[in-house]
Amino acid sequence: MLTGKQKRFLRGEAHHLNAIFQVGKDGVNTNQVKGVLEALDAQELIKVKLLDSCPDDVNTVALEISVQTKSDVVQIIGHTIVLYKASDKGLYKLP
């Protein structure tokens, strides 16, 4: 679980990132979860974008992805979700 200060730091770091995954009309599937998990292991901090055709709510998708990948939801803004999961690489030094 992230503290408020850590989330604020990660939001600043994620500001310049582009979304690397999109969730569309099929919702969240196992292949997407596997890809998100691999991206989190490599980058620790990623953005996921929900397309307008996604039948699920952004909060539902964020919760589903975070539970399946054991990651933390840093921010939900509009249709974009920012996820963080610490890895062995230690790319981000949290305050």
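Just so you know, these numbers come straight off a predicted model, no measurement behind them. (Residues numbered from 1 in each chain as written. Predicted model: local features only at pLDDT ≥ 70, side-chain atom pairs only at ≥ 80, totals over all residues. Heavy atoms only, no water.)

K.L.:
Let's hear about the side chain of Ser71: which residues, and what values?
P.N.:
For Ser71, the location among the structural elements is in the loop between helix 3 (58-69) and strand 3 (72-77). For Ser71, a relative accessible area of 9% puts it in the buried group. When near neighbours in sequence (up to four residues on either side) are disregarded, Ser71 contacts Leu40, Ile65, Ser66, Leu83, Tyr84 and Lys85. (Helix = DSSP H or I, 4+ residues; strand = E, 2+ residues; numbered from the N terminus. Buried < 20%, exposed > 50% of the residue type's maximum accessible area, 1.4 Å probe, protein only. Contact = heavy atoms within 4.5 Å.)

K.L.:
Quick rundown of the packing of helix 2 (residues 30-43) against helix 3? Include the residues and the values.
P.N.:
Look at helix 2 against helix 3: their axes get within 10 Å of each other, and the N-to-C directions meet at 65°. One way to sum up the angle between helix 2 and helix 3 is to call them roughly perpendicular. In the packing of helix 2 onto helix 3, the handedness of the crossing is right-handed. Packed against helix 2, whose contacting residues are Val33, Val36, Leu37 and Leu40, the element helix 3 presents Ile65, Gln68 and Thr69 at the interface. Partitioned by chemical class, the residues of the contact of helix 2 with helix 3 number five nonpolar, two polar and no charged. (Axes fitted to C-alpha atoms, helices over the stretch in contact; angles between N-to-C directions. Parallel < 35°, antiparallel > 145°, perpendicular 65-115°, else oblique. Left-handed = near helix turned anticlockwise from the far one by under 90°. Nonpolar A, V, L, I, M, F, W, Y, C, P; charged D, E, K, R; others polar.)

K.L.:
Just give me the short version of helix 1 (residues 4-14), but keep the residues and values in it.
P.N.:
Of the residues making up helix 1, those classed as buried are Gln6, Leu10 and Ala14. For helix 1, the angular spread of the buried residues around the axis is 70°, confining them to a single face. In helix 1, the exposed positions that point more than 90 degrees away from the buried face belong to Lys5 and Arg8. Contact partners of the buried residues in helix 1: strand 2 (45-50), strand 3 and strand 4 (80-84). (Arc of directions from axis to C-beta.)

K.L.:
Got a sec to walk through the sheet that holds strand 1 (residues 21-23)? Specific residues and values, please.
P.N.:
Ordered in space as 1-2-4-3, the four strands form an open sheet in which the pairing is mixed. With partners counted over all chains shown, the strands left at the sheet margins are strand 1 and strand 3, one partner each. Averaged over all pairs of adjacent strands, the angle between their axes in this sheet comes to 25°, without regard to strand direction. Its contacts with the sheet place helix 1 against strand 2, strand 3 and strand 4, and it is angled at close to 60° to strand 3. (Pairing = 2+ DSSP bridges.)

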